[in-house]
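# Chain and residue survey
Spelled out, the chains give:
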Amino acid sequence: MDETYMPEIVMDRESSTPLYEQIARPIEAAILSGDLPAGALIEDEVSMAQRLDVARPTARRALQELANKGLLTRRRGVGTRVTPPHVHRPMKLSSLNEDLTLAGFAPSTKVLSYQVREATAEEASQLGVNEGDGILAVSRLRYADDHPLAILTNLIPLDIAPTWQELGDGGLYQCLHDRGVDIAAASQEIGARGATAEEAETLGEQPGAPLLTMHRVGRTAEGRAVEVGHHVYRPSLYSFRFSLFTS
């Protein structure tokens, strides 16, 4: 059973500061200072209310305030834990694996599915191949420091498709580079939607939880489409960062 963590909390009932804030502030400070590490299990609201002699809704509100700030993750059956560090991904043409490494995270990958099949008419149009040509459809779960972060689903022309082992060991762009294929440009769309039951189970979220989505078509300098990506990310752990300029 996991050990629970909790910083020292001193309640001042004469203070004008609401009790829930008096609980939330030292927990927030401990998280931001690193005293409470990512993944640490936090005392539940029932135990906290009893120990601090406050009403249960007060303890619940304190924890929820921290969850609203993205500092805690609360899941039924799992408990309340310190949220892992947030991944801020720059808007540039790079692989997620590369971005995670550069940001100081330890990325790892689990291949969820690997299917060689014929391209549909829509897929053929996106990849610039003929309908019925062979393509690879692969889905991977990407971790950041052992925390599930994203489900990456890609379509790749069969003549340049990496192996299952290669995709489990590294990023797609590196696999393509090793084959002499470099992505020089891409079109990309970003959106959001609710998680399906299968996605929620894979990512450790609740069904219907908001997910960031990204659709990308990557091309070589010669204009050949070499990957179509449909990716979903946990927004509690991940965001896109833009740089904007005046014309």
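The coordinates are above.
Residues numbered from 1 in each chain as written. Predicted model: local features only at pLDDT ≥ 70, side-chain atom pairs only at ≥ 80, totals over all residues. Heavy atoms only, no water.

## A look at the overall build of the protein
Rules: Helix and strand definitions follow DSSP, with helices as H or I runs of at least four residues and strands as E runs of at least two, each counted in order from the N terminus. Partly exposed describes any residue whose relative accessible area lies between the buried limit of under 20% and the exposed limit of over 50%, with all areas from a 1.4 Å probe on protein chains only and scaled to the type maximum. Shrake-Rupley sampling with a 1.4 Å probe provides the accessible areas, and residues are treated as covered by the protein chains on show and by no other component.
When you go through the protein residue by residue, the secondary structure sums to eight helices and 12 strands. The buried share among the 247 residues of the protein stands at 43%. Looking at the protein as shown, the accessible area adds up to about 13,300 Å², and 49% of this sits on carbon and sulfur atoms.

## Some points on the sheet that holds strand S1 (residues 4-5)
For clarity, the threshold we go by: Strands pair, by our definition, only if DSSP identifies at least two bridges between them. Residue contacts are counted whenever heavy atoms from the two residues lie within 4.5 Å of one another. With axes taken as lines fitted to C-alpha atoms, and helix axes fitted only over the stretch in contact, angles between N-to-C directions fall between 0 and 180 degrees.
Taken in spatial order, the four strands line up as S1-S2-S4-S3 in an open sheet, and their pairing is mixed. Each edge of the open sheet carries a strand with a single partner, namely S1 and strand S3 (72-75). Across the sheet, helix H3 (residues 56-68) lies against strand S2 (41-42) and S3, angled at about 120 degrees from S3, the strand it touches most.

## Side note on the layout of surface pockets
For the record, the criterion: A cavity here means a set of points on a 1 Å grid, drawn over the protein atoms and nothing else, where a 1.4 Å probe fits but cannot get out; a pocket is an open set with protein on both sides within 12 Å along at least five of seven lines, and a residue lines either one if it has an atom within 4 Å of a point. Grid points are joined across faces, edges and corners, and a volume is the space filled by probe spheres set on the points. The residue classification treats Ala, Val, Leu, Ile, Met, Phe, Trp, Tyr, Cys and Pro as nonpolar and Asp, Glu, Lys and Arg as charged. All others, Gly included, are polar.
If you add up the space inside the largest pocket, you get close to 280 Å³. Along the wall of the largest pocket there are 14 residues; nearest its centre are Leu 72, Thr 73, Arg 74, Glu 205 and Ser 236. Looking at the lining of the largest pocket, the elements with two or more residues in it are H3 and S3. Here the lining of the largest pocket gets four residues from one element, more than from any other, and that element is S3. Tallied by class, residues from the lining of the largest pocket come to five nonpolar, six polar and three charged.

## Quick word on H3
Defined as follows: Between the first and last residue of a helix there are one fewer steps than residues, each counted as 1.5 Å, and that sum is the expected span.
Taking 1.5 Å per residue as the helical rise, H3 with its 13 residues ought to reach 18 Å, and the 18 Å between its terminal C-alpha atoms agrees with that figure. Taken as a whole, H3 has its buried residues at Thr 58, Ala 59, Ala 62, Leu 63, Leu 66 and Ala 67. In this structure, the buried side of H3 is in contact with helix H1 (19-33), S2, helix H2 (45-52) and S3.

## Some points on the environment of Ala 209
Within the secondary structure layout, Ala 209 lies in the loop between helix H8 (197-203) and strand S10 (210-219). With a relative accessible area of 12%, Ala 209 lands in the buried category. Measuring from C-alpha to C-alpha, the distance between Ala 209 and Ala 195 comes to 5.3 Å, with 14 residues separating the pair along the chain. With near-sequence residues (within four places) excluded, Ala 209 lies in contact with Arg 193, Gly 194 and Ala 195.

## Section: the pairing of strand S7 (residues 134-144)
Most of S7 is tucked away: nine of the 11 residues are buried. In the sheet, strand S6 (residues 107-118) pairs with S7 via 11 bridges, with the strands oriented antiparallel. Each residue of the ladder has a partner; that of Tyr 114, found in S7, is Val 138. As defined by bridge partners, S7 adjoins strand S8 (residues 147-157) across 10 bridges and the pair is classed as antiparallel.

## A look at the pattern of salt bridges
Quick note on the threshold: The term salt bridge refers to a side-chain nitrogen of Lys or Arg lying within 4 Å of a carboxyl oxygen of Asp or Glu.
Here the structure, examined in full by the defined rule, presents 10 salt bridges. Measuring nitrogen to oxygen at the nearest pair gives 2.8 Å for the salt bridge that ties Arg 193 to Glu 199. The salt bridge involving Glu 205 is made with Arg 234; its shortest N-O contact spans 2.8 Å. Of the two residues, Glu 205 is situated in the loop between H8 and S10 and Arg 234 in the loop between strand S11 (225-233) and strand S12 (238-241); the sequence distance between them amounts to 29 residues. Residues joined in a network through salt bridges with shared partners are Glu 45, Arg 56 and Arg 60.

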